[in-house]
Amino acid sequence: MPVDPAKAELGRLLFYDKILSGNRNISCGTCHSPRFGTTDGLSLGLGEGGHGLGPDRRSGAGQDRIQKRIPRNAPALWNLGAVSIDVVMHDGRISRDPIFGNGFNTPAEEWLPRGLSSVLVAQALFPMTSSFEMAGNVGENQVIGAVRDRIDLGWPILAKRVRSLPQYGDGFVAAFDHISRPEDVEIQDIAEALAQFMVQDFTSYDSPFDAYLAGDTSALTAQQKNGADLFFGTAGCSSCHAGPLFSDQRFHALGLPAFGPGRARRFDPYARDVGRLGESDDLADAYRFRTPMLRNVALTAPYGHNGAYPTLERMVRHHLDPDAARAAWSPDDLVLPDVPWLAAVDFVIQQDRLEMERQSRARDIFLRTDLSDGDISALVAFLHALTGAAAQQQHSVIPREVPSGLPVDR
């Protein structure tokens, strides 16, 4: 995806501006901060109603407190502008598809705005419509009320908010050829600016491994080279973590420990996460999740679709022996801020013996189990060699102020 710096810099301001949330109290950057590898550093995030950043984020109080944990781990944003990506989100619920006549299959179905240039642009629209992420609770603001009537009705409200501020309105006129006056700014233009910023700042191909591939044989340590041999060879990791992005863009069941509210089908009566099944309605997709891309993975702990494991070593060991890893897992492994009024839901799934058995049986990974501790250390060292220099140094700039004048989470 080509980048226009003028659009990207507009997107930077919007990414960190809480104006895009229903209650003006959370931004994209709150849960996708460069400080935490473009994630939030939590197993399951605290969205609308929370306060603070990363592991220090808290649940709020009174009527404004959070109503539910974010059901899944905040995905990293690295390299989402790659032209080979045609599906995003843990369950793939946003993808390129002609099914609705607008080029994409999304939760908005036929109500998705037309003219979106990429799957990343489409994805940028949906946190704004989520009650627990950015929109707020019914009765709190105009945006969530409109979204509950129909998913696309909240976007024009947000677009009007943005274009009514002179710095944004004039900025869009200057950056977009088809916009001749602020009144012409629409939500798809805002999503395009957000995507341009993410591609500009979160594209990462400057890791030691990239230097090694370019001919610098000293870029990797002996241990990292050993890890690469295992990763691409007998350990079998590259069967799913394939290609330049280290993902086959497909869906696999790993049998991770289960907890949290999950994302179930609309008619499911209890907290569980059914994975890809929730999007496809194909029982064969139960408990399958999209293969994550691995560039900068060392910066994006905790790991798994629900952030079940705190370290790369623990995540690698789970791949090698899921049964042993599940048996050794405990809630103490989580980065999960205390929310007393949600405690009854956090681990209720663990009490359902049949559901836990179903999830443990659903497994697509069968790798070597005879790797030594040294081999595992080598694999982890190789994964660290996928960290880009700019990402490691947090080169992406968080603005000190934004046009709305709202506080910026830094």
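About the thresholds
Each chain has its residues counted from 1, following the order in which its sequence is written. Reporting of local features is limited, given that this is a predicted model, to residues whose pLDDT is at least 70; pairs of side-chain atoms are given and counted only at 80 or more, and all residues count toward the totals for whole chains, interfaces and linings. Where side-chain values are given, they derive from all heavy atoms of the structure, hydrogens and water being excluded. Segments assigned H or I by DSSP are reported as helices when at least four residues long, segments assigned E as strands when at least two residues long, and all are numbered from the N terminus. To get the radius of gyration, use the C-alpha atoms; to get the globule rule, take the number of residues to the power 0.38 and multiply by 2.2 Å. Between buried and exposed lies partly exposed: a residue is buried under 20% and exposed over 50% of the maximum accessible area for its type, with that area taken using a 1.4 Å probe on protein chains only. Note on contacts: a residue pair is in contact if any heavy atoms of the two residues lie within 4.5 Å. Calculation of accessible area relied on Shrake-Rupley with a 1.4 Å probe; when residues are assessed, cover is drawn exclusively from the protein chains displayed. Here Asp and Glu are counted as negative and Lys and Arg as positive; His is not counted, and neither are the chain ends. We put the charge of a Lys on NZ, of an Arg on CZ, of an Asp on CG and of a Glu on CD. Ring geometry is summarised as follows: Phe, Tyr and Trp rings, the Trp one being its six-membered ring, pair when their centres sit within 6.5 Å, and such pairs are stacked at plane angles under 30 degrees, edge-to-face over 60 and tilted between the two. Criterion for a charge above a ring: Arg CZ or Lys NZ at most 6 Å from the ring centre, at most 35 degrees from the ring normal. For helices, the fitted line uses only the C-alpha atoms of the stretch in contact; every axis is such a line through C-alpha atoms, and the angle between N-to-C directions lies from 0 to 180 degrees. We call two directions roughly parallel when the angle between them is under 35 degrees, roughly antiparallel when it is over 145, roughly perpendicular when it lies between 65 and 115, and oblique otherwise. The sense of a crossing depends on the near helix, which, turned anticlockwise from the far helix by less than a right angle, makes the crossing left-handed and, turned clockwise, makes it right-handed. Lys, Arg, Asp and Glu make up the charged group, whereas Ala, Val, Leu, Ile, Met, Phe, Trp, Tyr, Cys and Pro make up the nonpolar group; the residues left over, Gly among them, are polar. For two strands to pair, DSSP has to find at least two bridges joining them. Note that the arc is computed from the directions linking the helix axis to the C-beta atoms. In protein, a polar contact means a hydrogen-donor-capable atom and an acceptor-capable atom, both N or O and within 3.5 Å, with residues adjacent in sequence counting only if both atoms are side-chain atoms; elsewhere, any N or O pair within 3.5 Å suffices. When the sulfur atoms of two cysteines come within 2.5 Å, that pair is taken as a disulfide.

Chemist: Give a description of the overall build of the protein chain that names residues and reports values.
Modeler: From N to C terminus, the protein chain includes 17 helices and 5 strands. Its C-alpha radius of gyration of 21 Å places the protein chain within 12% of the 22 Å reference for a compact globule of 410 residues. Across its three principal directions, the C-alpha atoms of the protein chain cover 65 × 55 × 40 Å. Within the protein chain, the fraction of its 410 residues that count as buried is 57%. Sequence-distant contacts in the protein chain: of pairs separated by 6 or more residues, those separated by 24 or more amount to 66%. Surface summary for the protein chain: the accessible area is close to 17,700 Å², and the carbon and sulfur share equals 51%. Of the charged side chains in the protein chain, 40 are positive and 51 negative, and the gap between their average positions amounts to 3 Å.

Chemist: For the packing of aromatic side chains, give the residues involved together with the corresponding values.
Modeler: Evaluated as defined, the whole model comprises 18 aromatic pairs. Cluster of aromatic residues (ring-pair linked, three or more members): Phe15, Tyr16, Trp78, Phe197 and Phe202. Between Lys7 and the ring centre of Phe176, over which it is positioned, the NZ or CZ distance is 4.7 Å. The aromatic ring of Trp111 is capped on one face by Arg150, whose charged end is 3.6 Å from the ring centroid.

Chemist: Before we move on, could you go through the packing of helix 12 (residues 312-320) against helix 16 (residues 373-384) and cite the residues and values that matter?
Modeler: Orientation of helix 12 relative to helix 16, taken along the N-to-C sense of each, is 120°, at an axis distance of 10 Å. Judged on the interaxial angle alone, helix 16 and helix 12 are oblique. Of the two possible hands of crossing, helix 12 and helix 16 adopt the one that is right-handed. The residues of helix 16 that touch helix 12, namely those facing Leu312, Glu313, Val316, Arg317 and Leu320, are Asp373, Ile376, Leu379, Val380, Leu383 and His384. Of the residues that constitute the contact of helix 12 with helix 16, the class distribution is 7 nonpolar, 1 polar and 3 charged.

Chemist: I'd love a proper account of the sheet that holds strand 1 (residues 87-88), names of residues and values included.
Modeler: Taking strand neighbours across the sheet as the criterion, the 3 strands line up as 1-2-3 in an open arrangement whose pairing is antiparallel. Across the chains shown, the open sheet's two edge strands, defined by having one partner strand only, are strand 1 and strand 3 (104-105). As paired strands, strand 2 (residues 94-96) and strand 3 are joined by 2 bridges and run antiparallel to one another. Considered in strand 3, the bridge of Ser95 is made with Asn105.

Chemist: Account for helix 5 (residues 142-149), with residues named and values stated.
Modeler: Buried within helix 5 we find Val143, Ile144, Ala146 and Val147. Buried residues of helix 5 fall within an arc of 160° about the axis and therefore sit on the same side. Residues Gln142, Arg148 and Asp149 are exposed on helix 5 and point more than 90 degrees away from its buried face. The opening residue of helix 5, the one whose side-chain oxygen lies 2.9 Å from the backbone nitrogen of Val143, is Asn141.

Chemist: Quick rundown of the packing of helix 1 (residues 5-15) against helix 8 (residues 187-202)? Include the residues and the values.
Modeler: The contact between helix 1 and helix 8 brings their axes to 7 Å, and the two run at 100°. Here helix 8 runs roughly perpendicular to helix 1, going by the angle between their axes. Residues Pro5, Lys7, Ala8, Glu9, Leu10, Gly11, Arg12, Leu14 and Phe15 of helix 1 pack against Ile190, Ala193, Leu194, Gln196, Phe197, Met198, Gln200, Asp201 and Phe202 of helix 8. Partitioned by chemical class, the residues of the contact of helix 1 with helix 8 number 11 nonpolar, 3 polar and 4 charged.

Chemist: Which residues make up the state of the cysteines, and what values do they have?
Modeler: Put plainly, a disulfide is one covalent bond tying together the sulfur atoms of two cysteines. Tallying each qualifying case throughout the model produces 0 disulfides. Distance from the sulfur of Cys31, which forms no disulfide, to the nearest cysteine sulfur (Cys28) is 9.1 Å. For Cys31, a relative accessible area of 16% translates into the label buried. Not engaged in a disulfide, the cysteine Cys237 finds its nearest cysteine sulfur in Cys240; these two sulfurs lie 9.4 Å apart. A relative accessible area of 17% means that Cys237 is categorised as buried.

The values are spatial; any link to function lies outside them.
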